[in-house]
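# Chains, contacts and geometry: an overview
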Amino acid sequence: MSARPARRSVTRGALAAPALIRPARAQEVSATDVLGRKVTLPAPARRIVLGQGRQINALGLIHPDPVSILAGWGSDYRRQSPDTFARYRQRFPAIETLPFVGDGATAGGFSFEQALALAPDLMVLSRSLAGTRNGPGDLVERFEAAGIPVAVIDFFLDPLKDTLPSLTLLGRLTGREEQTQRLLAFYEGRMRGVAARIAGAGRIIAVDPVPEKRALAEKLVLPSAVCSSIPDEMSSEAAAGFLVSYCTALYGLETCGKLQPGETVLVLGAAGGGGMA
């Protein structure tokens with residue numbers, strides 16, 4: 001009589017076994033992008049399309065094989081940085097077969113249709129391409145209307161403000177939070193070191209190497225070689241035009257006129273900033 005309960009126990013155990021070995025469901029992930037939008041995915045992204053190819057550098061900081069989680073990317077990186085692209089190709093040969101979705105900086109532009117055809121589980125757009133500034137329409141709304149989640153990041157227009165949120169976003173949406181936190185700690189430590197070095201430096205005047213792309217920026221990160229301290233006796237208004245006026249005059253004398261020591265210049269007329277210099 002004692003054998004029957006034993007058989008029933010074994011049977012119940014066998015029926016319960018599949019529930020014990022059932023694979024765990026993927027964890028939902030969410031993060032806030034640089035536009036303040038909450039982006040939620042049912043699982044960490046594994047088919048990402050990068051609206052701009054250079055965004056692979058950010059993924060490469062937090063993922064050992066960023067190419068493996070891409071479904072497509074912009075062709076701008078191959079055009080703008082062929083040497084760096086060659087290094088990526090040597091390290092990750094699969095990058096050669098990765099589909100392109102166009103280049104937003106060229107006449108052909110970014111292709112919404114090509115990106116949509118790749119069925120990404122996450123579309124990553126920069127601020128400039130998202131339709132929020134100089135973009136081809138509001139791509140965020142168009143992708144979301146097609147059921148594609150969109151995350152907007154920025155490492156160019158306002159890097160001091162948007163770098164940390166952008167990296168945090170990518171880390172969470174790809175399931176690489178631990179690696180991202182280590183990177184952010186390193187980044188913040190270096191930024192504190194830079195801030196300590198320039199503390200008390202006073203006012204700075206500089207020539208931006210690419211002013212056509214950042215003329216209205218409130219903050220810039222520039223090489224120290226193009227920066228100089230503004231003397232206390234010079235007003236900020238005078239300093240704002242100093243380099244343009246005086247460098248123009250100096251360029252005319254040294255480069256165009258090839259003025260040599262001991263020579264004399266006859267100025268028949270002068271006007272504007274260069275003339276005042």
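## Focus on the overall build of the protein chain
Of the regular secondary structure elements, the protein chain holds 11 helices and 10 strands. Considering the protein chain as a whole, with its 277 residues, one finds that 30% of them fall into the buried category. Intrachain contacts of the protein chain at a sequence separation of at least 6 include 58% that bridge at least 24 residues. Surface accessibility of the protein chain: about 17600 Å² in total, with carbon and sulfur atoms responsible for 56%.

## Brief notes about a nonpolar patch on the surface
A grouping of Leu 253, Leu 259, Val 265 and Val 267 is seen on the molecular surface, where their side chains present a nonpolar patch of about 320 Å² in accessible area. Relative to the helices and strands, Leu 253 is located in helix α10 (residues 236-256).

## A word on the packing of aromatic side chains
Per the stated rule, a full pass over the model turns up eight aromatic pairs. Ring centres of Trp 73 and Phe 100 lie 6.0 Å apart, and the angle between their planes is 20 degrees; on these two criteria the pair is classed as stacked. In this pair, Trp 73 sits in strand β4 (residues 70-73) while Phe 100 sits in the loop between α4 (82-91) and β5 (102-103), placing the two residues 27 residues apart along the sequence. By relative accessible area, Trp 73 is classed as buried at 0%. Put simply, the rings of Trp 73, Tyr 77, Phe 85, Tyr 88, Phe 92 and Phe 100 touch in pairs and so form one group of aromatic residues. The ring of Phe 112 has Arg 142 lying over it, and the distance from NZ or CZ to the ring centre is 4.2 Å.

## With respect to the environment of Val 265
With respect to the helices and strands, the residue Val 265 is situated in the loop between α10 and α11 (272-276). In sequence terms Val 265 and Leu 253 are 12 residues apart; their C-alpha atoms lie 8.7 Å from each other. Apart from residues lying up to four places away in sequence, Val 265 is in contact with Leu 253 and Leu 259.

## As for the pairing of β4
By the bridge criterion, three bridges tie strand β3 (residues 48-50) to β4 in an arrangement that is parallel. If you follow Leu 50 over to β4, its bridge partner there is Trp 73. Read from β3 through helix α2 (residues 56-62) to β4, the crossover connection turns out right-handed.

## Let's talk about the nonpolar core
Counting residues in hydrophobic clusters, the biggest one holds 31 residues, and the most contacted among them are Ile 48, Leu 50, Ile 56, Trp 73, Leu 122 and Leu 173. The contacts of Ile 48, once residues within four sequence positions are left out, are Ile 69, Leu 70, Ala 71, Gly 72, Asp 121, Leu 122, Val 124 and Thr 174. Val 34, Ala 115, Met 123 and Val 152 belong to the second largest nonpolar core, which has 18 residues in total.

## Comments concerning the side chain of Arg 37
Take Arg 37: it is sitting in the loop between β1 (29-32) and β2 (38-41). Side chain to side chain, Arg 37 and Asp 33 meet in a polar contact 2.4 Å long. A polar side-chain atom of Arg 37 sits 3.0 Å from the main-chain carbonyl oxygen of Val 150.

## Observations regarding the confidence of the model for the protein chain
When pLDDT is averaged along the protein chain, the result is 83, and 82% of the positions lie at 70 or above. Confidence scores differ between elements of the protein chain, with helix α1 (residues 3-21) showing the lowest mean pLDDT of 47 and β3 the highest of 97. Note on residues 6-20: pLDDT under 50 across the span, and zero contacts to partners over four residues away in sequence or across chains. A low-confidence stretch, residues 132-136 (pLDDT under 50), is modelled with 11 contacts involving residues beyond four sequence positions or located in other chains.

Rules used in this analysis
Residues numbered from 1 in each chain as written. Predicted model: local features only at pLDDT ≥ 70, side-chain atom pairs only at ≥ 80, totals over all residues. Heavy atoms only, no water. Helix = DSSP H or I, 4+ residues; strand = E, 2+ residues; numbered from the N terminus. Buried < 20%, exposed > 50% of the residue type's maximum accessible area, 1.4 Å probe, protein only. Contact = heavy atoms within 4.5 Å. Areas by Shrake-Rupley, 256 points an atom, 1.4 Å probe, with all protein chains shown as cover. Patch = residues over 30% accessible without salt bridge, like charges linked within 9 Å, V, L, I, M, F, W, Y side chains within 5 Å. Salt bridge = Lys/Arg side-chain N within 4 Å of Asp/Glu carboxyl O. Phe/Tyr/Trp six-rings, centres within 6.5 Å; stacked < 30°, edge-to-face > 60°. Lys NZ or Arg CZ within 6 Å of the ring centre and 35° of its normal. Pairing = 2+ DSSP bridges. Right-handed = clockwise from strand over helix to strand, strands pointing away. Core = buried A, V, L, I, M, F, W, Y, C linked by side-chain atoms within 4.5 Å. Polar contact = N/O pair within 3.5 Å; in protein donor to acceptor, adjacent residues only side chain to side chain. pLDDT = per-residue confidence, 0-100.

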